[in-house]
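Residue-level structural notes
Listed here are the chains, written in short residue letters.
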Amino acid sequence: MERSWWWKAIGHLLLIVVAVVYLIPTLVGEERLPGWYSKHVKAKLQLGLDLQGGIHLVYEVEVDKAVSDKTDRLAADIEERLTRDKKLKGVNVSREGRDEIAVRCASARDLATIDRTFLSEFRSNLDEVGRDLATHTVRLRLNSAYVSEVGEYAIRQAVETIRGRIDEFGVAEPTILRKGSDIVVELPGLTRRSFDRVKRQIGRTAQLEFKMVDDENDFMAAAAAKLPEKSPITVRSETYDGKQHGAITYTYLESRDKRALRQFLDQLKLPKDREILLGEEYAKDKKGNRLPDKIWITYFIKRRTELTGEYISDAQVMWEDRTGRPEVSLTFDRTGAEVFERLSGDNIGRRMAIVLDSNINSAPVLESRIGGGRARITLGGLRSPQELQEEANDLAAVLRTGALPAPLRKSFESQVGPTLGRDTINRGMVAFAVGAGTIILFMLYYYHLAGVFADLALLVNMLFVLALMAAFHATLTLPGIAGLVLTLGMSIDANVLVNERIREEMRLGKSARAAVDAGYAHAFWAIFDSQLTTGIAGIVLLQYGSGPIRGFAVTMLIGIATSIFTGVYVTRMLFDLYVAKARPKVISVGLPRTV
């Protein structure tokens, strides 16, 4: 025997041992292995959604909301530039519709300052669509290219945000894919309670906004006068110290019936730059004592968003000293801290609303300029301490991973039960065993000794495929099992080509050694070409497929690589051993008996 053969044999054995080591956690179960084994070998074959059960979700991104939010921020930038740099007074900049901005000036002279030079800074995003000299108004609109860019970013960012939120739960092998404007999420395993919690986290926009409350407007007082008799909605007024603005008395509506309150508010004709949002609080009796039930109250809000959660650099759960209730402490990045400080300084004596997912969380009065870039969100509601802590943890997690750039709308949901998964596994394994057994018996019957070599290579091939999938934490799906069966065929196909070439060389009268050398030399490129074309198809499926299709493609591509290795190199080593030890005049390559 040549020394090189022994080195090859040792190398092959080492590969088989490593493959077995990587497959043990899958076959035995990590819980049955010693700690040192699990610490060093972190490989396990994951079962896909169709095999172990799970949930399949499809979300649509509300792109229009992302565009309107971007328009709000541009309006805020324009107003700041006009008041700070151009020193204009009385200018009003507001969003109208989804993507239009109206800039209303106090005079024609002020209007003239909004010229091409001023607008050039916004030219890449905004187009001027109208200028009304009578009302001193300029109308701007987001150009179509920028709208498309904002929509594209919203979808891409939503995918990454969902991925981050799911990672916070440690879900194994989640599938998160973008299909057009939809986002497909597949989560295998997990308990029913975990499913519900993950779904809440995914769908939670966690869109944090800071908006100013317009308490100096008498709109709500006028609206209260329109309330019908015997309405479940009541009217309250409160007064607070507005500092340099004097005592501010504001009116709000409250009701235990949220639907009735919302129906009444929907009938009101609001100014374009204002909106009414609801907040949840404890109800109080006539003496001001807190009652155990909840109540909804109105806030008259300036529609423009002054600051959003995108500037948050960290969010942590803290405990409020006085009440012992959990709260979420926010830290803004440098830009957010500057905006927050300016916003608080410009509005001392006014209320600033902290809006989370379009609901008012709180609306404290700004007592002074707030520096340092820190804020906090208190958690209200009638929940147990455990539920509040879980809510605080989830809120901090979603704020850390970033708010969704736009709300998600769930368009499809299906759940595969574990019973269906076990049944699918059993049927798939039966199909795999029948296919493998048939191939093994056929090779033994048709190719005799060469068939034994091919069958051994086939078993090694399966071992390598499963070990590689476990090593890369790949997911085995039902189409993946079909890919395994296909791999059996491809692996045997390589051996058929080699055996037939050896038989032809033997017919030409060559010796056993010469026939083996020539057989492998002539068959290699035919094997390589056939596997290459199949591999290209697998790459296309992997690139453009999703879910189970990708699982099939991964299994097939791994099988192609291992098939070439076992079909060419493992069987060649066995033939070399046989020729060197047995020194046969002819090699048994089975039917028909021509050699």
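Heads up: these notes are all about the structure in this document. (Residues numbered from 1 in each chain as written. Predicted model: local features only at pLDDT ≥ 70, side-chain atom pairs only at ≥ 80, totals over all residues. Heavy atoms only, no water.)

On to the packing of aromatic side chains. A complete count under the given rule lists 18 aromatic pairs for this structure. Each residue in the set F453, Y520, F575 and Y578 is aromatic and connected to the rest through ring pairs, giving one cluster. Sitting above the plane of the W296 ring, K258 keeps its charged end 4.2 Å from the centroid. Positioned above the aromatic ring of Y250, the side-chain terminus of R351 is 4.0 Å from the ring centre. (Phe/Tyr/Trp six-rings, centres within 6.5 Å; stacked < 30°, edge-to-face > 60°. Lys NZ or Arg CZ within 6 Å of the ring centre and 35° of its normal.)

Tracing the backbone shows S414 in strand β20 (residues 408–416). You can call S414 partly exposed: its relative accessible area is 27%. Taking the C-alpha atoms as reference points, S414 and K86, 328 residues apart in sequence, are found 56 Å from one another. With residues near it in sequence (within four places) discarded, S414 still touches G54, I55 and H56. (Helix = DSSP H or I, 4+ residues; strand = E, 2+ residues; numbered from the N terminus. Buried < 20%, exposed > 50% of the residue type's maximum accessible area, 1.4 Å probe, protein only. Contact = heavy atoms within 4.5 Å.)

A contiguous nonpolar patch, built from W525, F528, L532, I536, V540 and Y544 and spanning about 670 Å² of accessible area, is present on the exposed surface. Within the secondary structure, F528 is located in helix α15 (residues 512–544). With relative accessibility at 32%, the residue F528 sits in the partly exposed group. (Patch = residues over 30% accessible without salt bridge, like charges linked within 9 Å, V, L, I, M, F, W, Y side chains within 5 Å. Areas by Shrake-Rupley, 256 points an atom, 1.4 Å probe, with all protein chains shown as cover. Salt bridge = Lys/Arg side-chain N within 4 Å of Asp/Glu carboxyl O.)

With that settled, consider unusual backbone geometry. Backbone geometry places K87, a non-glycine residue, at a positive phi of 60°. Here K87 lies in the loop between α4 (63–84) and β3 (92–96). The exposure class assigned to K87 is exposed, which follows from its relative accessible area of 63%. Here H136, not a glycine, exhibits a phi torsion of approximately 55°, which is positive. Mapped onto the secondary structure, H136 falls in the loop between β5 (126–132) and β6 (137–142).

Here we come to the pairing of strand β11 (residues 247–255). Of all nine residues in β11, seven are buried, a share of seventy percent or more. Taken together, the eight bridges between strand β10 (residues 234–241) and β11 define a ladder with antiparallel strand orientation. Directly across from T239, in β11, lies its bridge partner T249. Here β10 hands over to β11 after five residues, with K243 in that stretch at a positive phi of 60°. (Pairing = 2+ DSSP bridges.)

Residues I502 and F575 are the most contacted members of the largest nonpolar core, which totals 48 residues. If you list the elements that add at least two residues to this core, you get α1 (3–28), α13 (418–471), α14 (478–507), α15 and α16 (548–582). Examining the composition of this core, we find that 17 residues originate from one element, α13, more than from any other. Each residue touching I502, except ones within four places of it in the same chain, is listed here: A515, V516, G519, Y520, F575 and V589. (Core = buried A, V, L, I, M, F, W, Y, C linked by side-chain atoms within 4.5 Å.)

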